[in-house]
Amino acid sequence: MFERITIIGFGLIGSSLARAIKQNNLCKTLVCADPSEEVGITVKVHMLADEVTTDLAEGVKDSDLVIISTPVGAMRDVAKTIASGLKDGAIVTDVGSVKTQVALALQQELPDHVHVVPGHPIAGTENSGPENGFAELFRDRWCILTPLSDTDIRAVEKVTAFWEACGSQIEIMDPEHHDLVLGITSHLPHLIAYTIVGTATDLEDDIRGEVIKFSASGFRDFTRIAASDPTMWRDVFLNNKDAVLEVLQRFTEDLTGLQKAIRKGDGEYLYRTFSETRAIRRAIVDAGQATYVYPTQKQEGAPPAPAPKKAAGSQE
Ligand code: NAP
């Protein structure tokens with residue numbers, strides 16, 4: 001599909017993409033560009049890329065497709081760094097969880113002779129780093145693309161074909177709409193999980209010990225989400241401020257409604273609310289978005305292992 005692909009930032013998402021690229025033969029040469037020497041060593045040991053460099057501008061030279069897979073807060077600097085190294089007609093995409101700010105940064109920092117197609121795979125886990133990636137991460141998941149108004153349609157089609165080859169389905173959206181939708185489905189739940197687990201951390205020692213010892217499934221599920229990467233999530237909230245504050249306001253009002261119902265003993269209100277939420281869960285299960293086909297974690301080139309189903313990770 002491409003002669004040369006460069007992935008910048010070889011963590012969970014970048015390395016999962018690398019595995020999917022190798023498994024599906026999507027390019028002749030795959031380059032890992034990551035400033036961390038340690039990441040480079042892991043990439044070499046696991047043979048996740050054909051070339052490895054810590055020099056980002058050097059790493060994008062001659063690449064037809066460049067995928068920025070760093071935390072959102074680093075993307076503007078990355079774009080600045082690689083701008084002079086990009087070849088004419090190269091396609092630059094990203095995987096950031098926030099789109100308005102990222103699309104703006106890429107548009108402002110990258111030269112006119114490249115095609116910018118921002119993207120966001122709705123797939124992930126609470127784990128970070130190249131050792132935790134797996135090729136099947138994107139299978140049967142959505143990937144949202146937010147092309148700029150003047151992006152060449154052929155570049156959008158190529159990025160679409162790329163994600164489809166990795167197993168995803170594509171949806172095209174305005175970046176602002178993306179940020180509002182993901183604000184509700186992903187960013188708010190993470191904020192709530194961080195809060196609940198944070199509250200437990202602040203309890204006195206004896207109670208905290210019992211919270212961990214008798215951790216019921218509700219709290220356990222929140223701790224999994226709250227184990228997500230702090231850098232990534234700090235950047236998400238700093239870069240999706242308006243949408244998050246808007247959904248947080250609505251959430252606070254709904255929570256106050258439940259608080260009132262409990263105080264007044266309004267069982268009918270509680271039952272009605274919980275029945276509606278149950279229907280949403282069933283709709284998600286019916287849409288096939290509640291479980292994961294999980295990692296082979298095997299070496300590239302090996303045939304994929306039969307895929308057991310496992311509970312979904314933090315599908316950011
Ligand atoms: P990750 O595992 O922490 O990987 C991020 C990688 O980027 C690391 O190798 C990191 O190196 C590198 N990096 C950090 N700053 C950099 C810089 N300035 N220049 C170049 N490389 C840099 O994170 P991830 O989970 O793959 O997330 C990557 C992106 O995917 C984020 O934008 C996130 O919003 C998005 N995303 C994540 C998920 C998810 O569930 N995790 C899902 C969808 C989208 P060091 O380790 O040395 O810092």
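Residues numbered from 1 in each chain as written. Predicted model: local features only at pLDDT ≥ 70, side-chain atom pairs only at ≥ 80, totals over all residues. Heavy atoms only, no water.

Draft legend 1. Just helix α12 (residues 267-286), in detail. Across its 20 residues, α12 extends 28 Å between first and last C-alpha, which sits within 8% of the 28 Å expected from 1.5 Å per residue. Positive phi shows up at Gly288, right after α12, with a value of about 75 degrees. (Helix = DSSP H or I, 4+ residues; strand = E, 2+ residues; numbered from the N terminus. Expected span 1.5 Å × (residues − 1).)

Draft legend 2. Summary view of the packing of helix α11 (residues 241-264) against α12. Where α11 contacts α12, the axes come no closer than 8 Å and their chain directions differ by 140 degrees. Classified by the interaxial angle, the pair formed by α11 and α12 is oblique. Where α11 abuts α12, its residues Gly257, Leu258, Ala261 and Ile262 lie against Tyr269, Leu270, Thr273 and Phe274. When its residues are assigned to classes, the contact of α11 with α12 shows 6 nonpolar, 2 polar and no charged. (Axes fitted to C-alpha atoms, helices over the stretch in contact; angles between N-to-C directions. Parallel < 35°, antiparallel > 145°, perpendicular 65-115°, else oblique. Contact = heavy atoms within 4.5 Å. Nonpolar A, V, L, I, M, F, W, Y, C, P; charged D, E, K, R; others polar.)

Draft legend 3. Fine view of the confidence of the model for the chain. When pLDDT is averaged along the chain, the result is 89; 92% of the residues meet or exceed 70. pLDDT under 50 marks residues 296-314. Its contacts with residues more than four places away, or in other chains, come to 43 contacts. (pLDDT = per-residue confidence, 0-100.)

Draft legend 4. Molecular detail of the sheet that holds strand β6 (residues 115-117). Ordered by their spatial adjacency, 6 strands build an open sheet running β3-β2-β1-β4-β5-β6, and the pairing between neighbours is parallel. Looking at strand neighbours, the two that pair on one side only are β3 (51-53) and β6, the edges of this open sheet. Across this sheet, the average inter-strand angle for adjacent strands is 20 degrees, counted without regard to direction. Where strand β2 (residues 27-33) meets β3, 3 bridges bridge the pair, whose relative direction is parallel. Bridge pairing in β3 places Cys32 opposite Val52. (Pairing = 2+ DSSP bridges.)

Draft legend 5. The arrangement of the sheet that holds strand β7 (residues 119-121) in detail. Read from one edge of the open sheet, 3 strands run β7-β8-β9, paired in mixed fashion. Here the strands that pair on one side only, and so sit at the sheet edges, are β7 and β9 (169-172). When the angles between neighbouring strand axes are averaged without regard to direction, this sheet yields 20 degrees. Relative to strand β8 (residues 142-145), β7 is paired through 3 bridges, and the arrangement is antiparallel. Pairing of His120 across the sheet is with Ile144, part of β8. Contacts between helix α6 (residues 153-165) and the sheet are confined to β7, β8 and β9, with β8 contributing the most and set at about 165 degrees to the helix.

Draft legend 6. Local environment of the pattern of salt bridges. Throughout the structure, instances matching the rule amount to 10 salt bridges. Between Glu109 and Arg76 there is a salt bridge; the shortest N-O distance is 2.6 Å. Highlighted residues: Glu109 in helix α5 (residues 100-109) and Arg76 in helix α4 (residues 75-82), separated in sequence by 33 residues. Arg234 is the salt-bridge partner of Asp235, the closest N and O atoms lying 3.0 Å from each other. (Salt bridge = Lys/Arg side-chain N within 4 Å of Asp/Glu carboxyl O.)

Draft legend 7. Structural detail: the pairing of β8. Of the pairings in the sheet, the one linking β8 to β9 comprises 4 bridges and is parallel in character. Note on β9: the bridge partner recorded for Ile144 is Glu171. This β-α-β element, β8 to α6 to β9, shows right-handed connectivity. (Right-handed = clockwise from strand over helix to strand, strands pointing away.)

Draft legend 8. Here's a closer look at the domain arrangement of the chain. If you check the domain split of the chain, you get domain 1 (2-174) and domain 2 (177-286). Between domain 1 and domain 2, the contact holds 17 residues from the first and 15 residues from the second. Both sides of the domain 1 and domain 2 interface together cover about 1,300 Å² of buried area, and 62% of this is carbon and sulfur. Contact with domain 2 buries surface across domain 1, with Ser97, Val98 and Glu126 losing the most and accounting together for 38% of the total. Applying the counting criterion to the domain 1 and domain 2 interface returns 1 salt bridge. Note that Arg224 is salt-bridged to Glu126, the shortest N-O span being 3.7 Å. For the interface between domain 1 and domain 2, the tally reads 7 residue pairs in polar contact (both at pLDDT 80 or more). (Domains from an automatic or database assignment. Buried area = accessible area lost by both parts, 1.4 Å probe. Polar contact = N/O pair within 3.5 Å; in protein donor to acceptor, adjacent residues only side chain to side chain.)

Draft legend 9. Structural detail: helix α2 (residues 37-45). All of the buried residues along α2 are Val39, Gly40, Thr42 and Val43. Viewed along the axis of α2, the buried residues span an arc of 160 degrees, placing them on a single side of the element. Of the exposed residues in α2, the ones pointing more than 90 degrees away from its buried face are Glu37, Glu38, Ile41, Lys44 and Val45. On its buried face, α2 sits against β2 and β3. Where α2 starts, the residue carrying a side-chain oxygen 3.3 Å from the main-chain nitrogen of Glu38 turns out to be Ser36. Phi turns positive one or two residues past the end of α2, at Met47, with a value near 50 degrees. (Buried < 20%, exposed > 50% of the residue type's maximum accessible area, 1.4 Å probe, protein only. Arc of directions from axis to C-beta.)

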